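Below are the chains, spelled out letter by letter.
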Amino acid sequence: PRAAQYACTLLGYTLQKNGASAELVAVIKQLEAHFSLSRKLFRLGNSVDALESAKRAIHLSDVVLRFCITVSHLNRAMYFACDNILWLGKTGLSREMDQEKWSQRSFRYYLFSLIMNLSRDLYELKLLMEAETGGKRSSSRLAAENGVVSRGSPSHQQMVVLQLRFLIHVLRSNPPLLLDLAKNTCDLFIPLDKLGLFKTNPGFVGLCGLTSSILSILSIVHPWLKLKP
């Protein structure tokens, strides 16, 4: 349902920008709202799963991973709790609820969770880069080995090129981290837009949501692509 919801968001925006009939756009938006409500129904009880995941993360030996993953799961638990309350309002079971207030709370928790996820990804990337270099080789030696410079000290521009090549190499060698980093980066724009911190447009939000959904599906179809603690 998530991929379908954001596909409808992107399609509705594209049709509207290209002058499609108001009736067709209204149908697409109604379909989007249906998928959104269905997702909220399916997520009932997910707060408990997130809390259980947080309890398991507490026992991780690496203090940085323990902090990032635990805080991420706790924020996800609060996000799902707010989402469940929103579902009550959208289904009419709680008519006096301020849906806008709870929606903003939900997206704030979602944003905090994603920030922790990205922090974890960057930390994992740092560890992998240190392991790749062995923590011993100098930048100039790396530059020579990668053919960035042939003699003399590398310039600042050459060092930037070297670091980018090295970064790409490490990410390509670790598909689970690359996929998780790409997915979390795409997802980040959704709460940023909804909270008004980085306004884009429904088409961009739909594209980001659809892309991250496809990446999530890939990690389900191919479990080895899922990033492990």
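Residues numbered from 1 in each chain as written. Predicted model: local features only at pLDDT ≥ 70, side-chain atom pairs only at ≥ 80, totals over all residues. Heavy atoms only, no water.

### Description of the overall build of the protein
Broken down by element type, the protein carries nine helices and zero strands. Its helices and strands taken in sequence order, the protein reads α-α-α-α-α-α-α-α-α from the N to the C terminus. Taking the principal axes of the C-alpha coordinates as reference, the protein spans close to 70 × 50 × 35 Å. Taking all 229 residues of the protein together, 39% fall into the buried category. Look at the contacts in the protein between residues 6 or more apart in sequence, and 69% of them connect residues 24 or more apart. Just so you have it, the protein exposes about 13,400 Å², and 61% of that area is on carbon and sulfur atoms. Side chains of the protein give 28 positive and 17 negative charges; the mean places of these two sets differ by 3 Å. (Helix = DSSP H or I, 4+ residues; strand = E, 2+ residues; numbered from the N terminus. Buried < 20%, exposed > 50% of the residue type's maximum accessible area, 1.4 Å probe, protein only. Contact = heavy atoms within 4.5 Å. Areas by Shrake-Rupley, 256 points an atom, 1.4 Å probe, with all protein chains shown as cover. Lys, Arg positive; Asp, Glu negative; His and termini not counted. Charge placed at Lys NZ, Arg CZ, Asp CG, Glu CD.)

### Describing the packing of aromatic side chains
Going through the model one piece at a time under the given rule, you end up with four aromatic pairs. Residues Tyr79 and Phe80 carry aromatic rings whose centres are separated by 5.2 Å and whose planes lie at 45° to one another, so their mutual orientation is tilted. Just as Tyr79 is buried, Phe80 falls in that class too. Aromatic pair Phe189 and Phe198: ring centres 5.9 Å apart, planes at 50°, arrangement tilted. Overall, Phe198 belongs to the partly exposed group, its relative accessible area being 43%. Taken together, the aromatic side chains of Tyr79, Phe80 and Tyr110 make up a single cluster linked through ring pairs. The ring of Trp102 carries Arg105 above its face, with NZ or CZ at 4.5 Å from the centroid. (Phe/Tyr/Trp six-rings, centres within 6.5 Å; stacked < 30°, edge-to-face > 60°. Lys NZ or Arg CZ within 6 Å of the ring centre and 35° of its normal.)

### Remarks on the pattern of salt bridges
Any two side chains of opposite charge can pair, on the condition that their charged atoms come close. Summed over the entire model, instances satisfying the criterion amount to five salt bridges. The residue Glu52 makes a salt bridge to Lys55 at a minimum N-O spacing of 3.7 Å. Note that Glu52 and Lys55 are positioned in helix 3 (residues 46-57) at a spacing of three residues, about one turn of the helix. For Glu52, a relative accessible area of 35% translates into the label partly exposed. In this structure Lys55 comes out as partly exposed when scored by relative accessible area, which is 49%. Ionic pairing is found between Glu124 and Arg120, a salt bridge with its closest N-O pair at 3.0 Å. You can see Glu124 and its partner Arg120 sitting in helix 5 (residues 99-133), four residues apart, about one turn around the helix. Just as Glu124 is buried, Arg120 falls in that class too. (Salt bridge = Lys/Arg side-chain N within 4 Å of Asp/Glu carboxyl O.)

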